[in-house]
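# Observations on the three-dimensional arrangement
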Amino acid sequence: MMDQIELFRLFHEDSVVLLVAVGAGAFVGGITRWALTHLPSAHAGTWAANMIGCAVFGFASTMPGIWPAVAGAGFAGSCSTLSTLAKELGQMAQRNEYAALMHYAFATGALGILAAWLGAVIGGGQVFPAEFAG
């Protein structure tokens, strides 16, 4: 049986590897998000970042080992941006652009769910439990 010192050493080494790996994924996701902010359309960068984040998170959910943390929490978490979406929707509300606000919010929510589902399908994951598969 492992003693407490050996158990702590193993936990500590794994935690450091995970922290560095997630940080590397977050760095790449942040660079991706920054690059998308330079798209010419008003909300295209935020929308693209959120769709990429959803798709990558769906894909990451099917991966083994630490990859869900690296790609999902690291890259997808860093690339996607709920705060900027909220800011943009708030600005639309202040300008009384309610139709555009509803369209943007619905498109982001519905297509984000679809992107996550497609990411999981592409990753080869079982999206629905076997009893729903028919």
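Residues numbered from 1 in each chain as written. Predicted model: local features only at pLDDT ≥ 70, side-chain atom pairs only at ≥ 80, totals over all residues. Heavy atoms only, no water.

Using the following cut-off: UniProt positions are given in the numbering used here, feature names are shortened, and annotations may be inferred rather than shown by experiment.
In the annotation of an unreviewed UniProt entry, the protein is listed under the name Fluoride-specific ion channel FluC and assigned to Corynebacterium aquatimens. If you open the UniProt record of the protein and go to Catalytic activity (unreviewed entry), you find "fluoride(in) = fluoride(out)".

### Comments concerning a nonpolar patch on the surface
Filter applied, for reference: For patch building, the residue pool is restricted to those with more than 30% relative accessible area and no salt bridge; the joining distance is 9 Å between like charges and 5 Å between nonpolar side chains (Val, Leu, Ile, Met, Phe, Trp, Tyr). In this description, accessible areas are obtained by the Shrake-Rupley approach with a 1.4 Å probe, and a residue is regarded as covered only by the protein chains that are shown. The rule for a salt bridge is simple: a side-chain nitrogen of Lys or Arg has to be within 4 Å of a carboxyl oxygen of Asp or Glu. Secondary structure elements follow DSSP: runs of H or I of four or more residues count as helices, runs of E of two or more count as strands, with numbering from the N terminus.
A contiguous nonpolar surface patch, about 700 Å² in accessible area, is contributed by W47, F59, L111, L114, W117, L118, V121 and I122. Of all elements in the fold, only α2 (44–60) and α5 (98–122) reach the threshold of two or more residues within the nonpolar patch. It is α5 that contributes the most residues to the nonpolar patch, six residues altogether. Note on placement: L114 falls in helix α5.

### Topic: the confidence of the model for the protein
Threshold: Values of pLDDT, ranging from 0 to 100, describe the predictor's confidence in every residue of the model.
Per-residue pLDDT for the protein averages 87, and the proportion of residues at 70 or more is 83%. Mean pLDDT across the secondary structure elements of the protein bottoms out at helix α1 (residues 4–36), with 81, and peaks at α5, with 96.

### What to know about the pattern of salt bridges
The cut-off we apply is this: Throughout this description, buried means an accessible area under 20% of the type-specific maximum (1.4 Å probe, protein chains only), exposed means over 50%, and partly exposed covers the range between.
Tallied over the entire structure, the rule returns one salt bridge. A salt bridge links R95 to E97; the shortest N-O distance between them is 3.0 Å. Judged by its relative accessible area of 30%, E97 falls in the partly exposed class.

### Notes on the UniProt feature "transmembrane region" (unreviewed entry) in the protein
Look at the UniProt record and you will see "transmembrane region" (unreviewed entry) annotated at residues 16–36, 43–60, 66–86 and 98–122. Summarising residues 66–86: 86% helix, 0% strand, and an end-to-end C-alpha distance of 30 Å.

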